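Read off the chains here:
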Amino acid sequence: VVGAARKEIAGQFLSESVLLAVAATFLGVGLTFVALPFVNKVIGQQLQIQSSWLAIIPLVILGLAVLTGIMAGAYPAFFLSSLSPLKTLKSSKGNLSTGSSLLRKTLVVSQFAISAALIIAVLVVFRQLSFMQNKELGLNKDHVIAMNFYSSLAPQYDAFRNQILSNSSIKNITRSTRIPSGRLLDSFGSAKVQLESDSLDQSGVDLKFVTIDHRFVPTYGLEVVAGRNYREDQGADRFESFILNEAAVRKIGWKSNEDAVGKRIQYGGRSAHLIGVLKDFNFESLHEDILPMIVFIPRDSTFFNFISLQLDGNRTAEAIAHMKSTWQKFLPNQPFDYHFIDEDYGQLYEAEQRQGRVFIGFAILAILIACLGLFGLAAFVAQQRVKEIGVRRVLGATTVGIVGLLSKDFLRLVFIALVIATPLAWWLMHKWLGNFAYRINISWWIFAVAAVLAIVIAFLTISAQSLKAALANPVESLRSE
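Residues numbered from 1 in each chain as written. Predicted model: local features only at pLDDT ≥ 70, side-chain atom pairs only at ≥ 80, totals over all residues. Heavy atoms only, no water.

**Q** Explain the packing of helix H12 (residues 386-394) against helix H13 (residues 399-433) to me, please; I cannot follow it from the model alone.
**A** In a pair of packed helices, the angle between the axes and the distance between the axes together describe the arrangement. Between H12 and H13, whose axes approach to 11 Å, the crossing angle comes to 150°. Between H12 and H13, the interaxial angle falls into the category roughly antiparallel. Our pair here, H12 against H13, has a crossing hand that is right-handed. When H12 is examined against H13, the residues Glu-388, Ile-389, Arg-392 and Arg-393 are found in contact with a partner set consisting of Ile-402, Leu-405 and Leu-406. Classifying every residue of the contact of H12 with H13 by side-chain character gives four nonpolar, no polar and three charged. (Axes fitted to C-alpha atoms, helices over the stretch in contact; angles between N-to-C directions. Helix = DSSP H or I, 4+ residues; strand = E, 2+ residues; numbered from the N terminus. Parallel < 35°, antiparallel > 145°, perpendicular 65-115°, else oblique. Left-handed = near helix turned anticlockwise from the far one by under 90°. Contact = heavy atoms within 4.5 Å. Nonpolar A, V, L, I, M, F, W, Y, C, P; charged D, E, K, R; others polar.)

**Q** I tried to follow a nonpolar patch on the surface on my own but got confused; where do I start?
**A** The grouping of Ile-56, Val-60, Leu-64, Leu-67 and Met-71 at the surface amounts to a nonpolar patch, some 500 Å² of accessible area in total. Note on placement: Leu-67 falls in helix H2 (residues 57-79). (Patch = residues over 30% accessible without salt bridge, like charges linked within 9 Å, V, L, I, M, F, W, Y side chains within 5 Å. Areas by Shrake-Rupley, 256 points an atom, 1.4 Å probe, with all protein chains shown as cover. Salt bridge = Lys/Arg side-chain N within 4 Å of Asp/Glu carboxyl O.)

**Q** Even after reading the chapter, I still don't get the confidence of the model for the protein chain, so can you show me in this structure?
**A** Interpreting fine coordinate detail is not advised for predicted regions of low pLDDT. Averaged over every residue, the pLDDT of the protein chain is 84; residues scoring 70 or more account for 86%. Across the protein chain, the element-wise mean pLDDT spans from 53 in helix H3 (residues 85-90) up to 97 in strand E10 (residues 306-311). With pLDDT under 50 throughout, residues 92-96 is counted as low confidence; its partners more than four residues away or in other chains account for nine contacts. (pLDDT = per-residue confidence, 0-100.)

**Q** Mind showing me how you'd approach the sheet that holds strand E11 (residues 339-340) here?
**A** In any sheet, the strands associate via hydrogen bonds between backbone groups, in a parallel or an antiparallel arrangement. The strand order across the open sheet built from four strands is E2-E10-E1-E11, with neighbouring strands paired in antiparallel fashion. Each of the sheet's edge strands pairs with one partner strand only, and the pair in question is strand E2 (170-176) and E11. Two elements, strand E1 (residues 144-148) and E10, share five bridges in a ladder whose sense is antiparallel. Looking at the pairing, Asn-148 lines up with Phe-306 of E10. Along the sheet face, helix H5 (residues 157-165) touches E2 and E10 and points at about 155° away from the line of E2. (Pairing = 2+ DSSP bridges.)

**Q** Looking at this structure, I do not really get the packing of aromatic side chains. What am I missing?
**A** The description of two aromatic rings rests on the distance between their centres and on the angle between their planes. Considering all chains together, one arrives at 17 aromatic pairs under this definition. Ring centres of Phe-160 and Phe-330 lie 5.6 Å apart, and the angle between their planes is 85°; on these two criteria the pair is classed as edge-to-face. Placement of Phe-160 in helix H5 and of Phe-330 in helix H9 (residues 316-330) is noted, with a sequence separation of 170 residues between them. Residues Phe-160 and Phe-330 agree in their burial class; the two are buried. The structure contains a cluster of three or more aromatic residues connected by ring pairs, namely Phe-149, Tyr-150, Tyr-157, Phe-160, Phe-304, Trp-327, Phe-330, Phe-336, Tyr-338 and Phe-340. For the cation-ring pair, Lys-135 lies above Tyr-438, with the distance from its terminal atom to the ring centre recorded as 4.8 Å. Residue placement shows Arg-175 over the ring face of Tyr-157; its charged tip is 3.7 Å from the ring centre. (Phe/Tyr/Trp six-rings, centres within 6.5 Å; stacked < 30°, edge-to-face > 60°. Buried < 20%, exposed > 50% of the residue type's maximum accessible area, 1.4 Å probe, protein only. Lys NZ or Arg CZ within 6 Å of the ring centre and 35° of its normal.)

**Q** Help me out: how do you make sense of the pattern of salt bridges in this one?
**A** Side-chain pairing between opposite charges can occur once the charged atoms of the two side chains come close. Applying the stated criterion across every chain yields a total of twelve salt bridges. Between Arg-299 and Glu-240 there is a salt bridge; the shortest N-O distance is 3.0 Å. With Arg-299 in the loop between strand E9 (293-296) and E10 and Glu-240 in the loop between strand E5 (224-227) and strand E6 (241-245), this residue pair connects regions lying 59 residues apart in the sequence. Look at Arg-299 and you get exposed, because its relative accessible area is 51%. Each of the salt bridges in this network shares a partner with another, and the network as a whole consists of Asp-158, Arg-161 and Glu-232.

**Q** In this structure, what is going on with the side chain of Glu-352? I would like to understand it.
**A** Assignment of secondary structure puts Glu-352 in helix H11 (residues 350-384). Despite its burial, Glu-352 remains without a salt bridge, the nearest opposite charge being carried by Arg-354 at 7.9 Å. If near-sequence neighbours (up to four positions away) are discounted, Glu-352 is found in contact with Val-125, Leu-129, Met-132, His-287, Trp-432 and Phe-436. (Lys, Arg positive; Asp, Glu negative; His and termini not counted.)

**Q** Got a minute to help me understand unusual backbone geometry in this structure?
**A** When glycine is set aside, most residues are seen to have a negative phi, and most peptide bonds are trans. One non-glycine residue, His-143, adopts positive backbone phi at about 60°. Looking at the secondary structure, you find His-143 in the loop between helix H4 (98-134) and E1. Of note, the phi angle at Ser-181 is positive, near 95°, even though the residue is not glycine. Here Ser-181 is to be found in the loop between E2 and strand E3 (187-193).

Next up, the structure:
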């Protein structure tokens, strides 16, 4: 009879657990379809269920739901049903082992460790994003527009430029093969330095190049730290000169920027003097180091890919309207299309922005799950200690004292979670920051903020049950005694 009763109890536990898991699964599927458009917007992807999977997915989900229900119900079904009724009735705590208590505490610690690690990750990601968006790049990217350059414009470019600059809402215009925020991929290989003996230094230095015109430097606000920029009236001499950045000067090995000016270089089949040195600027994203770079004016006026225009920030609409009318006059068969350089730089970090949003979502979910686990554990412990609390109230214990008594054990679990999460989160975010050539240092206050948030969230979760237990009438809890 006892064996049959135990089987019936075990079956009841398992069936209830499986039914709850299946019901939760159906609710989860419904929420998934409702939330999918929002999730796609947040992560910048288009997640969807393939039609070929529609016949398989319901069976898989149902199978997982049943398996989850069995796993969740196995403990009460087979362990609790096997307890001795006599011992259970004689003890206020039943015959529960310390192992189950250790498992509950381990789960709470794990949940809060994950939550704290995600909070730290969110803070680090958004600090790095803020750093990248506000770092001085060494160039002017604000109110600068870029457009495609067409070779058909080359013969009439001077007239086009004069027409563009006739409106004071446009401050400058320039041409180049590449524009800032793009990749420096073009190279003629190694630049060789002309030695005093009229021979070449055969070691050479690999340089990336960008062809420009004489207005590129002022349009992008680049700083010439030695020598000078190209001049419009320089004539044919402009084809016999180069400009380097500081990284190239260091790579070649000259003592100073001033020492480099006037030196003769052979690069890309051209032998020319160095007339100037540009202060280093971040042409590419902050994922990349500043590369050794050479800029020069090409002999072929069609050897450009982009036009860049610097606008008056207070008259942007007027400038664009003037650009459009001029474009349609000179290039009526080409589409008028443009983009802002500052937006191009912003798009370089879209992946990190999506990561930040995903981290926030996971952090909220992890905190919610951790709070539910802690709330359940607090309710369980408060129920088990209800008579102890009643005795303490009769002996004069205050509400604050009882809340503190019940809370300290749980907060100790949160502290253990923080001890586990802190080094793990530091290591993971240190690895993530390794993807950037320019990055923040992980400050101590990030861990302090994460710890305070975790502790406050945990205390607010616990305090509801603690207050309920502390304010309960002790007569009710002690009546059975």
